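Architecture at a glance
Each chain, letter by letter, is given below.
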Amino acid sequence: MKSQRHAAIIEIISSEQINTQEALTQKLCERGFSVTQATVSRDINQLHLVKKAMPDGSYKYIVQNDMSDQKNNAKYKSIMRETIMDIRPAGNIVVIKTYTGMANAAAAAIDATAGSLAVGSIAGDDTIFIATASEDDAKIFIATIKNFSNIA
């Protein structure tokens with residue numbers, strides 16, 4: 001259940017401007033998760049969510065990846081945005097399709113930003129296989145990569 005809730009949190013903050021734990025708790029309840037503010041607080045810590053200032057002066061939760069260098073972070077996101085065409089689960093394996101010749105670049109960007117969600121990756125010419133520890137981890141991984149790469 002926790003993995004499903006984490007995947008839902010990633011999806012919610014990727015699609016909506018959520019700036020408080022209360023708002024996130026409400027959105028999770030609307031999706032059928034029975035959670036308290038304390039549970040959401042722990043989830044925020046476990047998912048490494050941070051509040052980011054928006055151009056209009058407001059804030060929203062985002063995933064803070066393992067990279068501390070924001071220049072590299074922007075570079076990796078750009079690589080993923082420009083190379084990844086599709087991402088799908090296959091059990092605990094995630095299959096990523098890229099433009100021809102771009103799988104290695106995308107895999108390097110993913111390896112640098114995926115943190116501990118990916119157990120390992122293999123890249124070919126236009127396909128990447130990512131192994132995760134479980135099917136639930138694969139769902140969280142997909143939500144995270146979609147957030148980084150802006151894939152619908």
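Residues numbered from 1 in each chain as written. Predicted model: local features only at pLDDT ≥ 70, side-chain atom pairs only at ≥ 80, totals over all residues. Heavy atoms only, no water.

Re the packing of helix α1 (residues 2–15) against helix α2 (residues 21–30)
Heads up, the rule is: Angles shown run from 0 to 180 degrees and are taken between the N-to-C directions of axes, each axis being a line fitted to C-alpha atoms and, for helices, limited to the stretch in contact. Secondary structure follows DSSP: runs of H or I at least 4 residues long count as helices, runs of E at least 2 residues long count as strands, and numbering of each begins at the N terminus. What makes a crossing left-handed is the near helix being turned counterclockwise from the far one by less than a right angle; a clockwise turn instead makes it right-handed. Note on contacts: a residue pair qualifies if any of its non-hydrogen atoms lie within 4.5 Å across the two residues. For this scheme, ten residues count as nonpolar: Ala, Val, Leu, Ile, Met, Phe, Trp, Tyr, Cys and Pro. Four count as charged, namely Asp, Glu, Lys and Arg, and the remainder, Gly too, count as polar.
Running from amino to carboxyl end, α1 crosses α2 at an angle of 115°, the nearest separation of the two axes being 10 Å. Where α1 crosses over α2, the handedness of that crossing is right-handed. Between α1 and α2, the contacting residues are Arg5, Ala8, Ile9, Ile12 and Ile13 on the first element and Leu24, Lys27 and Leu28 on the second. Considered class by class, the residues forming the contact of α1 with α2 number 6 nonpolar, no polar and 2 charged.

So, the sheet that holds strand β3 (residues 84–90)
Rule in force here: DSSP calls a pair of strands paired once it identifies at least 2 bridges connecting them.
Across the sheet, 4 strands lie side by side as β3-β4-β6-β5; this open sheet has antiparallel pairing. The two strands at the open ends of the sheet, each matched to only one other strand, are β3 and β5 (118–123). Neighbour-to-neighbour, the strand axes of this sheet turn through a mean angle of 20°, independent of strand direction. Across 5 bridges, the pairing between strand β4 (residues 93–98) and strand β6 (residues 127–132) is antiparallel. Each residue of the ladder has a partner; that of Ile93, found in β6, is Ala131. Its contacts with the sheet put helix α6 (residues 135–149) on β3, β4, β5 and β6, and the angle it makes with β3 is roughly 170°.

Thoughts on the side chain of Thr144
Residue position: Thr144 is located in helix α6. Discounting residues that sit within four places of it in the chain, Thr144 has contacts with Ile10 and Leu117.

A short note on unusual backbone geometry
Stated formally: Partly exposed residues are those whose accessible area sits between 20% and 50% of the maximum for their type, while under 20% is buried and over 50% is exposed, using a 1.4 Å probe and protein chains only.
Backbone geometry places His48, a non-glycine residue, at a positive phi of 60°. Mapped onto the elements of the fold, His48 is located in the loop between α3 (37–46) and β1 (49–53). Among the residues examined, His48 registers a relative accessible area of 46% and is labelled partly exposed.

Concerning the pairing of β6
Where β5 and β6 come together, 5 bridges link them in antiparallel fashion. For Ala118, the partnering residue across the bridge sits in β6 and is Thr132. Connecting β5 to the antiparallel partner β6 that follows it, the hairpin turn spans 3 residues.

Some points on the nonpolar core
To be explicit about the condition: Buried residues of nine kinds, namely Ala, Val, Leu, Ile, Met, Phe, Trp, Tyr and Cys, make up a nonpolar core once their side-chain atoms join them within 4.5 Å.
Of all hydrophobic cores here, the largest spans 41 residues; its most connected members are Leu24, Leu28, Leu49, Ile96, Ile110 and Phe141. Aside from chain neighbours lying at most four places away, what touches Phe141 is Val94, Ile96, Ile110, Ala114, Leu117, Ala118, Ile130 and Thr132.

Quick notes on the side chain of Thr98
Selection criterion: Here a polar contact is taken to be a pair of N or O atoms separated by no more than 3.5 Å, where protein atoms must pair a possible hydrogen donor with a possible acceptor and residues adjacent in sequence count only if both atoms sit in side chains.
Summarising the element assignment, Thr98 is placed in strand β4. Reaching out from Thr98, the side chain makes a polar contact with the backbone nitrogen of Ala103 at a distance of 3.2 Å. Once you skip the residues sitting within four places of it in the chain, Thr98 turns out to touch Thr83, Ile84, Met85, Ala103, Ala106, Asp125, Asp126, Thr127 and Ile128.

Details of a nonpolar patch on the surface
What counts, and what does not: Patch membership requires over 30% relative accessible area and the absence of a salt bridge. Like charges are linked within 9 Å, and nonpolar side chains (Val, Leu, Ile, Met, Phe, Trp, Tyr) within 5 Å. Accessible areas in this description were obtained via Shrake-Rupley with a 1.4 Å probe; residue shielding takes into account the shown protein chains only. Whenever a carboxyl oxygen of Asp or Glu lies within 4 Å of a side-chain nitrogen of Lys or Arg, that contact is scored as a salt bridge.
Side chains of Met85, Tyr99 and Met102 sit close together on the surface and give an oily, nonpolar patch of about 290 Å² of accessible area. Looking at the secondary structure, you find Tyr99 in the loop between β4 and α5 (103–113).

Examining the packing of α2 against α3
Axis angle and axis distance: for two packed helices, these are the angle between their axes and the distance between the axes, and together they describe the pair. For clarity, the threshold we go by: Orientation is classified from the angle alone, with under 35 degrees giving roughly parallel, over 145 giving roughly antiparallel, 65 to 115 giving roughly perpendicular, and any other angle giving oblique.
Across the interface, α2 lies against α3 with an axial gap of 9 Å and an inter-helix angle of 105°. When the interaxial angle is binned, α2 and α3 end up roughly perpendicular. For the pair formed by α2 and α3, the contact residues are Gln21, Glu22, Leu24, Thr25 and Leu28 on the first element and Gln37, Val40, Ser41 and Ile44 on the second. Across the contact of α2 with α3, the residue classes break down as 4 nonpolar, 4 polar and 1 charged.

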